Amino acid sequence: MKKYFQNLKITTKLIVSFSIILFLGVSVNIYSNISLYFIKGNTNNISNILIPSLKSITEIRLLISNYRSLQMNHASTNDSNKMADLDLEMKRIDETVRKEKENYERIIQDGKWAIKISKLDSIYAVFKHSWILYLQESQQFSDYSRKYDKNKSLEILDNMYIKYATITEAIVELEILHKKAFEKAVIEEETYYTNNVIANLVLIFIPILVAIPIIYFLVFLIREPIVKLKKAAEDISHGKDVNKVFINSIDEVGVLAKVFNKMLLDIRGKEQKIKESSQIVEWRSELNEIMQMADSLQKFSQEVLNYVTEKTGSVAGALYLKEKDSYRLKSTYPHSLAKHIRQDFELGEGLVGQVALEKTEKRFFKDAGVRFQVSHAFGEEIPSKIWVFPIIESKYKEVLAVIELGKIEHFKGIHETFIELIQSPLGIAFQSILRKEEINSQSLTLIKINEELEEKHLALEQQNEEIQTQKEEIEHQHKKLEEQNKLLDESIKRAEFIQKAILRPESEIQKELEIPMFIFLEPHSKVSGDFYWCKEVNKKKIIIAADCTGHGIPGAMISMIGYDILNQIINLHNITQVDKILSILDEEIIKVFHQDDINDKEANHDGMDISICIYDAENDILEYGGAKNGLIYIQDNILQEIKACKVGIGGSFRDKKIFESHRIELKGKDTMIYLSSDGYQDQFGGKENKKFMRSQLKKLFLQLNNLPLDEQKRRIKEEFYDWKSGQFQTDDVLVMGFRLNARS
């Protein structure tokens with residue numbers, strides 16, 4: 001039964017209630033008419049005075065009840081079309097109250113009835129006062145309803161309930177007084193019909209008793225869901241957590257409940273987004289503090305990786321830092337993971353190398369139906385959830401580092417937003433620390449040079465004291481000391497001159513070797529870490545191009561050390577085999593920089609990439625060997641490349657390295673040989689600010705190989721500056737070309 005009425009629309013429920021009330025009103029009318037028919041004499045006075053008043057009071061009660069129902073219906077639906085019904089109903093109530101006022105005045109004028117209903121005046125005053133207040137709040141209710149202020153309308157409707165109860169109570173008491181007067185009058189005037197009247201009353205009260213619980217039940221069905229919605233709204237306003245409002249009815253209140261529940265879901269979603277945004281702001285603030293406190297690259301890398309891994313809920317992490325064209329492991333999370341994961345990746349190799357090459361993130365999920373292995377930081381296997389993303393330097397878009405995270409569960413949206421927001425600041429921070437460490441390294445070199453200058457200065461002063469006995473020599477030495485002091489004070493500027501003096505000009509080299517050649521050397525910072533070594537030993541023409549670690553003064557110092565070691569190996573020890581030169585050079589560099597201690601964590605990792613060509617003119621054979629620096633030669637407009645060994649000279653202590661040598665039998669053919677460091681091909685520029693790349697360098701060599709060597713050098717230089725186009729030079733640049741069996 002309850003479920004049946006719940007499925008009715010509110011309008012239908014109100015119609016049922018109104019029908020019951022109407023039925024009662026009709027029953028009362030029938031009863032009154034039957035009673036009036038049998039009452040004689042003074043009963044006419046009852047019909048003319050008391051019955052109309054009683055009828056008006058009953059009608060007022062019915063109209064007010066109906067008006068109250070219409071107000072509740074309007075407040076729940078907020079339908080502006082029903083405002084006209086409310087206004088019309090109010091006019092009907094005003095008209096009925098006016099009629100009752102006239103009946104009341106007639107009753108008061110009749111002394112007989114006034115005595116019988118002595119309480120009528122005070123009760124009517126209560127009714128009149130409450131009715132005026134009810135009218136005022138009804139006007140407020142109408143105003144807010146027209147403004148579609150549903151919450152305020154419901155609030156006023158609740159306040160009107162007290163006045164409604166007072167008016168209803170007064171009307172009921174008026175009805176009771178009228179009925180008592182009516183009963184007394186009938187008893188006095190028509191005793192004969194008393195039993196008949198009582199019987200009619202019993203017949204009327206029986207349907208009334210039946211109707212009351214039905215009406216109460218219908219009102220309860222309407223009020224119960226509204227109360228639930230009201231309570232839920234109050235709980236939300238007080239900050240309480242409301243899950244869902246369960247209302248089974250399919251009427252207007254049920255529809256309202258569905259809208260209310262949808263609103264709750266929207267509010268929860270917005271609260272979650274606000275919470276995540278606040279969390280991300282807090283994480284970024286903490287990460288900024290880490291970046292501001294950074295004092296070394298190793299410590300900063302570990303702290304950043306620890307923080308990012310923990311905040312994303314990852315179980316493992318690795319950070320790879322760029323070293324030339326590869327990415328070497330710099331830090332891990334947890335620290336013990338460092339022994340078990342891949343130590344370095346070449347550009348484009350594995351997930352780390354692919355991310356560095358493509359400059360975009362990559363993800364791998366074991367549970368996504370993938371059935372292949374990938375090469376990642378944690379080994380060669382199928383991981384659970386792997387997320388690899390780059391840290392890109394802002395100006396030249398260079399990938400400075402790659403971070404790889406491993407997780408058991410999926411990465412959440414808050415983690416993705418956090419990583420996206422911190423990538424750019426981390427790129428700036430890494431770039432700043434790298435520059436800081438480079439400056440510190442150069443500062444240490446300058447300090448060392450200054451200390452050497454001071455020592456030399458002291459030695460010169462001692463020499464002055466020793467030659468004071470010779471006047472003429474004193475003046476000569478004094479001038480010489482002044483010149484030397486001036487040169488020492490400008491040692492950094494003079495370093496360029498010194499290096500150029502050591503690296504002989506190409507005209508002198510061509511004259512000695514009797515081989516047409518060009519040398520394009522463009523230092524990054526006046527002095528160069530790239531150098532060349534050319535000499536004829538035992539009728540063999542030796543041409544070497546080398547690229548030392550770094551550039552500027554540190555690179556230049558290493559290049560001079562390498563140049564000196566090559567002098568000792570070739571000139572002093574008379575060694576002219578490519579593989580032996582490479583092996584001895586590697587051993588000497590390791591010794592010079594103390595790289596042979598594998599347990600020394602602070603060991604120097606400097607070294608060089610090198611290409612060595614030894615031309616035996618008598619047999620027309622070119623022998624080549626290289627450490628990470630290949631050779632390109634062109635015959636009959638066909639370009640061929642010989643790859644170098646993948647290990648460099650020095651850098652770190654490893655098992656004994658094996659260097660290979662290659663023999664090229666030229667057979668009298670015109671052959672153009674090219675040697676170069678990686679500075680030219682790694683230079684950023686062009687319209688898209690990308691690297692020149694080795695493939696493009698090969699095409700350039702192929703285009704120029706038939707031109708005279710001075711023209712080739714000019715074109716190579718112009719192409720470099722056109723490509724760079726005012727951009728910052730990335731590294732030292734060395735390109736050498738020489739022609740064997742030149743055409744007559």
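It should be noted that the structure appears before, not after, this text.
In short, a report on the structure.

Procedures and definitions
Residues numbered from 1 in each chain as written. Predicted model: local features only at pLDDT ≥ 70, side-chain atom pairs only at ≥ 80, totals over all residues. Heavy atoms only, no water. Helix = DSSP H or I, 4+ residues; strand = E, 2+ residues; numbered from the N terminus. Buried < 20%, exposed > 50% of the residue type's maximum accessible area, 1.4 Å probe, protein only. Pairing = 2+ DSSP bridges. Axes fitted to C-alpha atoms, helices over the stretch in contact; angles between N-to-C directions. Contact = heavy atoms within 4.5 Å. Parallel < 35°, antiparallel > 145°, perpendicular 65-115°, else oblique. Phe/Tyr/Trp six-rings, centres within 6.5 Å; stacked < 30°, edge-to-face > 60°. Salt bridge = Lys/Arg side-chain N within 4 Å of Asp/Glu carboxyl O.

1. Quick look at the overall build of the protein
Then comes step 1: Counting secondary structure elements, the protein contains 19 helices and 21 strands.
Then comes step 2: The 744 residues of the protein split such that 44% are buried.

2. A closer look at the sheet that holds strand 21 (residues 733-740)
Then comes step 1: One open sheet accounts for 5 strands, arranged 9-21-18-14-15; its pairing is antiparallel. Strands with a single pairing partner mark the edges of an open sheet, and in this sheet they are strand 9 (517-522) and strand 15 (638-642). The average angle at which neighbouring strand axes cross in this sheet is 15°, direction not considered.
Then comes step 2: Of the pairings in the sheet, the one linking strand 9 to strand 21 comprises 6 bridges and is antiparallel in character. Across the sheet, the residue bridging to L521 is L734, located in strand 21.
Then comes step 3: Where helix 18 (residues 694-704) meets the sheet, its contacts fall on strand 14 (631-635), strand 15, strand 18 (671-676) and strand 21, and the angle it forms with strand 14 comes to roughly 30°.

3. Thoughts on the packing of helix 12 (residues 413-466) against helix 16 (residues 552-572)
Then comes step 1: Two numbers describe how helix 12 lies on helix 16: the axes approach to 8 Å, and their chain directions differ by 60°. Of the possible angle classes, the one that applies to helix 12 and helix 16 is oblique. Residue-level contacts link S441, Q442, T445, L446 and I449 of helix 12 to I553, P554 and M557 of helix 16.

4. Quick word on the packing of aromatic side chains
Then comes step 1: Inspection of the entire model under this criterion finds 12 aromatic pairs.
Then comes step 2: Centre to centre, the rings of Y320 and F345 are 5.4 Å apart; their planes meet at 70°, and the pair counts as edge-to-face. One end of the pair, Y320, is in strand 1 (residues 316-323); the other, F345, is in strand 3 (residues 344-346), with 25 residues separating them in the sequence. Just as Y320 is buried, F345 falls in that class too.
Then comes step 3: Ring centres 5.2 Å apart and planes at 85° place the aromatic pair Y680 and F692 in the edge-to-face group. Taken as a pair, Y680 in the loop between strand 18 and strand 19 (684-685) and F692 in the loop between strand 20 (690-691) and helix 18 lie far apart in primary sequence, 12 residues in all. The two residues Y680 and F692 agree in class, both being buried.

5. Observations concerning the pattern of salt bridges
Then comes step 1: In total, this model carries 19 salt bridges according to the counting rule given.
Then comes step 2: Two residues, E512 and R504, come together in a salt bridge whose shortest N-O distance is 2.6 Å.
Then comes step 3: With relative accessibility at 17%, the residue R504 sits in the buried group.
Then comes step 4: Across the pair E711 and R714 runs a salt bridge, and its minimum N-O distance is 2.4 Å. Residue E711 and its partner R714 are located together in helix 19 (residues 709-724), separated by 3 residues, close to a single helical turn.
Then comes step 5: Residues joined by salt bridges that share partners form a network here, namely E641, K643, R694 and K698.

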